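# Structural overview
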Amino acid sequence: MGNIDFSVTENHTVLAPNWIGDTAMAAPFFASLRLNFPDSKIRVIVNPWVEGLVRNFPWVDEVIKLDKKNLWYLLKTFRFGKLKDKLAFDTFWILPNSFRSAFISYLSSSKSRIGYSTRFRKQLLTNPVFLSENKSLNLVDYYLELLVANGLNPVSERIFIKIRDDLLEVSKNTLEKHVVLSKRPLIGIHPGAFFGSSKTWNPKNFGLLAERLIDEQNASVLIFGGPGEKELTEMVVKYSKGKALNFFGRDNLLILPGLLSMLDAFISGDTGPLHIASLVGTPTISIFGSTDPKLTAPRGSNNFYIYENLDCSPCFKRECPLQHHDCMEKITVSDVENRLKNIL
């Protein structure tokens, strides 16, 4: 691995993660990059799925959206198109671990290309970073290690994002159409997980929890959902006896950080909005089963997780391979209620 002379580097390009939660957990990386290069231009290449979130990051100067995934589009964009000369002298940081992401950096002809040496990517990178297979890092640290391996300093404090005034106003207006903001506590629940059913708690439990919070805490409870989760959110509202408000389809990723920042607590499985809620400073309770909270649970004193730590977990499977889903089924509504006492 050759040493990079960052003193002659004017701009940095970052290929963002593909998932919302991973992108939120990359926020300290972006903050650290800005800390080390306060006068440089930082561009971020994103897929449409995470674009709205990245546009909330104050450390980013330019967002470049990739609309398609096919090879001809990538060749036309990076090797023969407008980005060829634009990125040629940038330092290119690759956060995803796929071969495709390293190939994109190679097509850009950027002078320095930094990423993990995984999945046959070494020859595509000018500065591959090697991580011991025995070294399991929280995803936040995993991204920061790319900087550390190249002699740069990571931020030491927990990172938050401040919502832009215009987006915060839109979020506030959106909420005020459906709830009285002065009525507290205001609690958000996200029952789904794009990864698969193994990461989801029983919707009946979410519904019962919402009903109890409304009846016993006089709370307003909003049920959030991502694409394809309309039926799931409707089930949760049904199990709450119609008392919770279905917020499905009323938000988007651009205003979601602002919406979550106005909540008193946010409850979900290991999913993207959980990490956005933490990033805006909202207290969270996360329910873990098939994934490892040591790797992906939000950090900070106002973030709590519930995890049974069974012999079969974490399995990292999309569906329970044993077909009993005990890692989630053994977590009760009372377990979550008791943890919520740390927040409300």
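The numbers attached to residues start from 1 for each chain and follow its sequence in the written order. Local features in this predicted model are restricted to residues of pLDDT 70 or higher, and side-chain atom pairs are both shown and tallied only at a pLDDT of 80 or more, whereas totals for entire chains, interfaces and linings draw on every residue. In computing side-chain values, all of the structure's heavy atoms are included and hydrogens and water are not.

Axis separation between helix H9 (residues 203-217) and helix H10 (residues 230-239) bottoms out at 7 Å; the angle between their running directions is 45°. It follows that H9 is oblique to H10 by the angle criterion. As for how H9 packs across H10, the hand of that crossing is right-handed. Contacts between H9 and H10 involve Pro203, Lys204, Phe206, Gly207, Leu208 and Glu211 from the former and Leu232, Met235, Val236 and Tyr239 from the latter. A class-by-class count of the residues in the contact of H9 with H10 yields 7 nonpolar, 1 polar and 2 charged. Lines are fitted to the C-alpha atoms to define the axes, a helix being fitted only along its stretch in contact, and any angle between axes, read from their N-to-C directions, falls within 0 to 180 degrees. By definition, any uninterrupted DSSP run of H or I lasting at least four residues is a helix, any uninterrupted run of E lasting at least two residues is a strand, and each is numbered from the N terminus. Roughly parallel covers angles under 35 degrees, roughly antiparallel covers those over 145, roughly perpendicular covers 65 to 115, and oblique covers all other angles. When the near helix sits turned anticlockwise from the far one by under a right angle, the crossing is termed left-handed; a clockwise turn instead gives a right-handed crossing. Working rule for contacts: check all heavy atoms of both residues, and any pair within 4.5 Å makes them a contact. Under the grouping applied here, Gly and all other residues not named as nonpolar or charged are polar, the nonpolar ones being Ala, Val, Leu, Ile, Met, Phe, Trp, Tyr, Cys and Pro and the charged ones Asp, Glu, Lys and Arg.

Residue position: Thr282 is located in the loop between helix H12 (272-279) and strand E11 (284-288). Residue exposure (1.4 Å probe, protein chains only): buried if accessible area is under 20% of the type maximum, exposed if over 50%, otherwise partly exposed. The class for Thr282 is buried, based on a relative accessible area of 2%. Residues adjacent in sequence count toward polar contacts only when both atoms are side-chain atoms; beyond that, a polar contact is any pair of N or O atoms within 3.5 Å, and within protein one must be able to donate a hydrogen and the other to accept it. Of note is the side chain of Thr282, whose polar atom sits 2.5 Å from the backbone oxygen of Leu260. For Thr282, the residues in contact, after removing those within four places along its chain, are Leu260, Ser261, Leu263, Asp264, Ala265, Phe266, Ala277, Asn302 and Asn303.

One requirement defines pairing of two strands: DSSP has to find at least two bridges between them. Read from one edge of the open sheet, 6 strands run E3-E2-E1-E4-E5-E6, paired in parallel fashion. The outermost strands of the open sheet, each flanked by one partner alone, are strand E3 (62-65) and strand E6 (127-129). The sheet shows a mean angle of 20° between the axes of neighbouring strands, taken without regard to direction. Sheet topology note: the strand E1 (residues 11-15)/strand E4 (residues 91-94) ladder contains 4 bridges and is parallel. By the bridge assignment, Val14 is partnered in E4 with Trp93.

Now for the pairing of strand E10 (residues 265-269). On any regular strand, side chains alternate: one points to one face of the sheet, the next to the other face. Within E10, 5 of the 5 residues are buried, which leaves the element mostly enclosed by the surrounding structure. Taking every second residue as pointing to the same face, both faces of E10 are buried, with Ala265, Ile267 and Gly269 on one and Phe266 and Ser268 on the other. Relative to E10, strand E7 (residues 186-190) runs parallel, the two sharing 4 bridges. Its bridge partner being in E10, Ile189 is matched across the sheet by Ile267. In this sheet, E11 lies alongside E10 in parallel orientation, the contact comprising 4 bridges. Paired with Gly269 across the strands is Ile287, a residue of E11. Look down the strands so they point away from you; if going from the first strand over the helix to the second traces a clockwise path, that crossover is right-handed. Note on the crossover from E10 through H12 to E11: the handedness is right-handed.

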